[in-house]
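Topology and contacts: notes
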Amino acid sequence: MSLQCPICRSHQVITLDRAKRIGGAVGAVGGAMSGWAASSSGAVVGAEIGSTVGLIGGPVGSAVGTLGGALIGALIWATTAGVTGAKLGQVIDQKVLHNYVCQNCGLQFGDVHTDQSFE
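1. Let's talk about the overall build of the protein
- Looking only at helices and strands, the protein has two helices and three strands in total.
- Along its sequence from the N terminus, the protein presents helices and strands in the succession β-α-α-β-β.
- Among the 119 residues that make up the protein, the fraction classed as buried is 26%.
- For the protein, the proportion of contacts with a sequence separation of at least 24, taken over those separated by at least 6, is 72%.
- In the structure as shown, the protein presents an accessible area of about 8,000 Å², 67% of it carried by carbon and sulfur atoms.

2. A closer look at the state of the cysteines
- Counted under the stated rule, the structure contains zero disulfides.
- Cys 102 provides the cysteine sulfur closest to Cys 8, a residue in no disulfide bond, and the two sulfurs are 3.6 Å apart.

3. Considerations on a nonpolar patch on the surface
- A surface patch of nonpolar side chains, about 350 Å² in accessible area, is lined by Leu 88, Ile 92, Val 96 and Leu 97.
- Looking at where Ile 92 falls in the secondary structure, it is placed in helix H2 (residues 58-95).
- Taking relative accessible area as the criterion, Ile 92 reaches 33% and is therefore assigned partly exposed.

4. Overview of the confidence of the model for the protein
- Looking at the protein, pLDDT values average 77 and 68% of them are 70 or higher.
- Looking at the elements of the protein, mean pLDDT is at its lowest for helix H1 (residues 18-53), recorded as 74, and at its highest for strand S2 (residues 100-102), recorded as 92.
- A low-confidence stretch, residues 113-119 (pLDDT under 50), is modelled with four contacts involving residues beyond four sequence positions or located in other chains.

5. So, the environment of Ala 70
- Take Ala 70: it is sitting in helix H2.
- Overall, Ala 70 belongs to the buried group, its relative accessible area being 4%.

6. A few points about the nonpolar core
- Residues Leu 3, Cys 5, Val 13, Tyr 100, Cys 102 and Phe 109 constitute the largest nonpolar core, which totals six residues.
- Filtering out sequence-adjacent residues up to four positions away, Tyr 100 remains in contact with Leu 3, Val 13, Ile 14, Thr 15, Leu 107, Gln 108, Phe 109, Gly 110 and Asp 111.

7. Regarding the sheet that holds S2
- Pairing is antiparallel across the open sheet formed by three strands, whose spatial order is S1-S2-S3. A strand with exactly one partner marks an edge of an open sheet, and here the two such strands are strand S1 (13-15) and strand S3 (108-109).

8. Brief notes about the environment of Gln 4
- Structurally, the position occupied by Gln 4 is in the segment before S1.
- Residues Gln 4 and Cys 102 lie 98 residues apart in sequence; the distance between their C-alpha atoms is 8.3 Å.

9. Quick notes on the side chain of Ser 10
- With respect to the element layout, Ser 10 can be found in the segment before S1.
- The contact partners of Ser 10, leaving out residues within four places of it in the chain, are Leu 3, Gln 4, Cys 5, Cys 102 and Asn 104.

Reading the values: rules and limits
- Residues numbered from 1 in each chain as written.
- Predicted model: local features only at pLDDT ≥ 70, side-chain atom pairs only at ≥ 80, totals over all residues.
- Heavy atoms only, no water.
- Helix = DSSP H or I, 4+ residues; strand = E, 2+ residues; numbered from the N terminus.
- Buried < 20%, exposed > 50% of the residue type's maximum accessible area, 1.4 Å probe, protein only.
- Contact = heavy atoms within 4.5 Å.
- Areas by Shrake-Rupley, 256 points an atom, 1.4 Å probe, with all protein chains shown as cover.
- Disulfide = S-S within 2.5 Å.
- Patch = residues over 30% accessible without salt bridge, like charges linked within 9 Å, V, L, I, M, F, W, Y side chains within 5 Å.
- Salt bridge = Lys/Arg side-chain N within 4 Å of Asp/Glu carboxyl O.
- pLDDT = per-residue confidence, 0-100.
- Core = buried A, V, L, I, M, F, W, Y, C linked by side-chain atoms within 4.5 Å.
- Pairing = 2+ DSSP bridges.

This is the structure in structure tokens:
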């Protein structure tokens with residue numbers, strides 16, 4: 001089902017998705033920082049275990065394991081928080097902001113399916 005402009009009835013309507021993009025970016029950055037911090041503290045334990053078990057890899061193996069663990073943790077947290085932020089932004093776009101714009105007449109309007117008339 002394609003959207004139609006309420007003024008000119010054009011079907012050339014696009015979504016702006018401002019909050020979705022901002023929420024995704026903020027979530028990804030915040031998640032990466034949180035993940036790095038959490039993984040860094042957890043990586044200390046991993047480094048201790050790695051240095052004990054990692055006699056084969058030596059100090060280089062322990063350092064690479066610590067950095068790798070922190071990096072993977074940051075990536076996982078960034079992905080999770082980024083998706084969460086994008087979903088929250090999508091809800092804000094649909095329920096709060098005028099997310100649609102008509103390419104024909106330039107009108108910005110909200111989701112016509114959620115608008116309720118109070119008659």
